[in-house]
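# Examination of the molecular architecture
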Number of protein chains: 2
Amino acid sequence: MHTPQAGLDLELVTIGTELLLGYTVDTNGAEIARVLSAQGVRVVRRTAVADRPDDIRQAVAEALRRTGAVVTTGGLGPTRDDITKQIVADLFGVPLRFDEAVWEHLLERFRRFGRVPAASNRSQAEVPEGATVLTNQWGTAPGLWLAGAPGLIVMLPGVPLEMRKLLEHEVAPRFAARTSGQVIRSLTVRTTGVPESTLAERMGEIESEIAPLTLAYLPGVEGVDLRLSAWRLPPDEADRRLREAAELVASRAGEHAYGSGESDLAAVVLEAAGKRRLRLATAESCTGGLVGARLTDIPGSSAVFAGGVVCYSNELKTGLLGVPAAQIEAHGAVSEPVVRAMAEGAVARLGVDLAVAVTGVAGPDGGSEDKPVGTVWIGIASAGGVEARRTMFGGGRQEIRARAAQAALFLLWRALGGAPRSPETARPSTS
Amino acid sequence: MHTPQAGLDLELVTIGTELLLGYTVDTNGAEIARVLSAQGVRVVRRTAVADRPDDIRQAVAEALRRTGAVVTTGGLGPTRDDITKQIVADLFGVPLRFDEAVWEHLLERFRRFGRVPAASNRSQAEVPEGATVLTNQWGTAPGLWLAGAPGLIVMLPGVPLEMRKLLEHEVAPRFAARTSGQVIRSLTVRTTGVPESTLAERMGEIESEIAPLTLAYLPGVEGVDLRLSAWRLPPDEADRRLREAAELVASRAGEHAYGSGESDLAAVVLEAAGKRRLRLATAESCTGGLVGARLTDIPGSSAVFAGGVVCYSNELKTGLLGVPAAQIEAHGAVSEPVVRAMAEGAVARLGVDLAVAVTGVAGPDGGSEDKPVGTVWIGIASAGGVEARRTMFGGGRQEIRARAAQAALFLLWRALGGAPRSPETARPSTS
């Protein structure tokens, strides 16, 4: 796979019984791994254990023995007080001490929300002797950074927002200072509307051309992401190699590569329309508002997106968009004439330059031999005319709807002329 | 926390470099934990390691030493052939043998898709001697079940669909036969519109009342879930105790408890409206289609949901819903008169019985001292009149929009009379 150079290796231990019941997906662990990798720290193992002292002690002790550097999350909150802190203090052979500054911070926070601390809150101000307190401005449990004979341990609360803020403001900078300027960086080229196997053929012998970078194919409902990774290079070299490799990958992916990094296709569409000073609208049936929700999820979308119509019933297709009832009668609501009329109706009645319409069979019921579940018509209309395309999506109701929304945005983007795959569109993300 | 009775303990080892870069969230691990818990297996640890033979060997060997029962996922696919299989064969001291039946199955699959296997595919048919092959009808890499001196190991491919199908059809039944009829089951009571601390006060000394069940508070953007868990009880007793405890929890949560299990508030709203034979519509500004998308995500929603209007621009608020331009001018788009007019306009123009309207400041820009980011007005209109409510949500743009959509559905549900918290609404899920 790759031969990483020497550097800081680390393990994550996430604490929470919910993780072992499988009801909670470990997003904290993924977030920590992503942020620390960007600082050149190689996360070599992630372990999840229940809120049981013996399990926590064993997992933390083993991780320290293997790598000498551990980040924990969870087991610090007000309802599970001290479990992790006490265990770590024992492992490091230090006592817990009452910290006046932490207590003051906690009192101040309670005052601000008009609450009175309970006696049990005092234990939240106890910290292992010698630990650096990472002040938590977003909650009550501080983070803790402790170095000693067993190694380095960083304890973070499990509440995602508090964990994320402490990670960003307190933990990442401290690790950056320790990794002698080498980074692990990734850059993703995002594609849609093309299967993984076709992309792999287009890429050819790219692995050897981009070495020492590595390439991973990550398929999902929005398309296939092509993730390039640089392992422990100086930041400038990592960025340069990633940028060059991303250009190569994007040019081979061709018209299906719509952006890089965290690019959302909705943002790409809004930017393309904004540059051309065009106003957009949507007319949605089977996606029921998803395309509008995708577009309005982007800050500043109101400059480009006027609005849309969710015409789930046939009456509203006629009433709000002027689709002739006779057409629905003759061809069905999932048909080329209807999707064309929906798109044209949206341009005319919502007074925009460009509109996209979606009508399809999302299932699980409503399919027929002629129009099986997964059949979706997408139409694009402007003053210049209207075009329509029939597509077929796999998966359950949710996947079909998500894929249809993404395909609608892709066709909008193509109608807007797409975008050149220049270094600007393929610039490295900062993560 | 709880004192589980004796039974089968097990560890999960998930294999994939992406998990350690943090770009992929470990949904496979959560799925396996959930399904096996339902069979009475207690998952005591989850470990994620990279696709490196040494790391895989170490993690699997340690897990076998600790618990003697391990499920792995990943490291079996066609591009990473044999890594896990070879390591496990070594640990169990058995050779890999070419399995004609697996090879025939693979050839048959290739024929069906009109493809020809490469020489390298032959290694996919090699299995550790003594292993039971779990036939994979959904892909090329079979699952493997192997018992020997080090313990029991089950190897599953990493592709989520294939993993899930093998888990359900091949793995879960085999574990069910080993756990002597005891199950670990959970039942969630879902609440919204009430903070965790208020809920905790309402619950009082419930932990002792529901013992041996346990209760966990799980806050999220849609509200706070209250998860009850039964640990290794006979199925009938687990279900009965969970049902009784859920009734108690729901009655203390009061009007904020809208369902149980995997209940989606959108489905609860559609069911309540369907029973009363009422048609619904939405008028969305800041949520941009999210409320419509939530409702249409539910199969069969077309029987109740007519459609909606996404009036992101002020022109469309006037043009599509008849909101007087003078009102927008006088009070702003985020105001009580405008949300009332939006809701009334939706009832009138979309011809429905009940409509919900949402207008707010989702940020990051557009806030003012008077109407800070997070300010959202929600209106509900019917032939009987219109009511409006101002709320304030925290978080970023996404959270504010998601919370506003959930609050809109909650007010719709309240307007529909809510629902009695009977055993029917609090019946145990099968997971």
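As shown above, the structure is provided for reference.
Throughout what follows, the structure given in this document is the object of discussion. Here the residue index of a chain counts from 1 through its sequence in written order. Both sets of labels track the order of writing: A upward for chains, 1 upward for ligands. For a predicted model such as this one, the threshold for reporting local features is a pLDDT of at least 70, and the threshold for listing and counting side-chain atom pairs is 80 or more; totals across whole chains, interfaces and linings nevertheless cover every residue. Side-chain metrics in this entry use all non-hydrogen atoms of the structure; hydrogen atoms and water are not considered.

## As for the overall build of chain A
For chain A, the count of helices and strands is 15 helices and 17 strands. Once the C-alpha set of chain A is aligned to its principal axes, its extents read approximately 80 × 55 × 40 Å. Buried means the residue's accessible area, taken with a 1.4 Å probe over protein chains only, is under 20% of the maximum for its type, while exposed means over 50%, and partly exposed covers the values in between. Expressed as a percentage of its 431 residues, the buried residues of chain A come to 56%. Restricting the contact set of chain A to residue pairs at least 6 apart, pairs at least 24 apart contribute 69%. Residues scored as charged are limited to Lys and Arg (positive) and Asp and Glu (negative), so that His and the chain ends carry no count. By convention, the charge on Lys lies at NZ, on Arg at CZ, on Asp at CG and on Glu at CD. Taking the 46 positively charged and 50 negatively charged side chains of chain A as two groups, their mean positions are separated by 2 Å. A run of H or I in DSSP counts as a helix once it spans at least four residues, and a run of E counts as a strand once it spans at least two, with each numbered from the N terminus. By the convention used here, residues are in contact when the closest approach between their heavy atoms is within 4.5 Å.

## Details of the pattern of salt bridges
Definition used for salt bridges: Asp or Glu carboxyl oxygen within 4 Å of a side-chain nitrogen of Lys or Arg. A complete count under the given rule lists 50 salt bridges over all chains for this structure. A salt bridge links A:Glu18 to B:Arg227; the shortest N-O distance between them is 2.7 Å. Here A:Glu18 is found in helix H1 (residues 17-21), whereas its partner B:Arg227 is found in strand E11 (residues 223-233) on a different chain. Accessibility assignment for this pair places A:Glu18 and B:Arg227 in one class, buried. Notably, a salt bridge pairs A:Glu108 with A:Arg111, separated by 3.5 Å at the nearest N-O pair. Of the two residues, A:Glu108 and A:Arg111 both sit in helix H5 (residues 100-112), 3 residues apart, roughly one turn of that helix. Residue A:Glu108 is classed as partly exposed on the basis of its relative accessible area, which comes to 37%.

## A closer look at the relation of the copies chain B and chain A
Superposing chain B onto chain A takes a rotation of 180 degrees plus a shift of 0.5 Å along the axis, which leaves an RMSD of 0.6 Å. In symmetry terms, the pair is related by a two-fold rotation axis. Most of the interface of chain B is mirrored in chain A, where 100% of its interface residues are also at the interface. Copies are brought into register by a least-squares superposition over C-alpha atoms of residues with pLDDT of at least 70 in both.

## Comments concerning the interface of chain B and chain A
The partner chain A presents 69 residues to the 69 residues of chain B that form the contact. The buried area of a pairing is the accessible area, by a 1.4 Å probe, that goes missing from both parts when the two are put together, added over both. Both sides of the chain B and chain A interface together cover about 5600 Å² of buried area, and 54% of this is carbon and sulfur. On the chain B side of the contact with chain A, B:Tyr23, B:Arg45 and B:Arg46 bury the most area, a combined 12% of that side's loss. Viewed at the interface, chain A and chain B are joined by 8 salt bridges.

Purely geometric stuff here, so don't read any function into it on its own.
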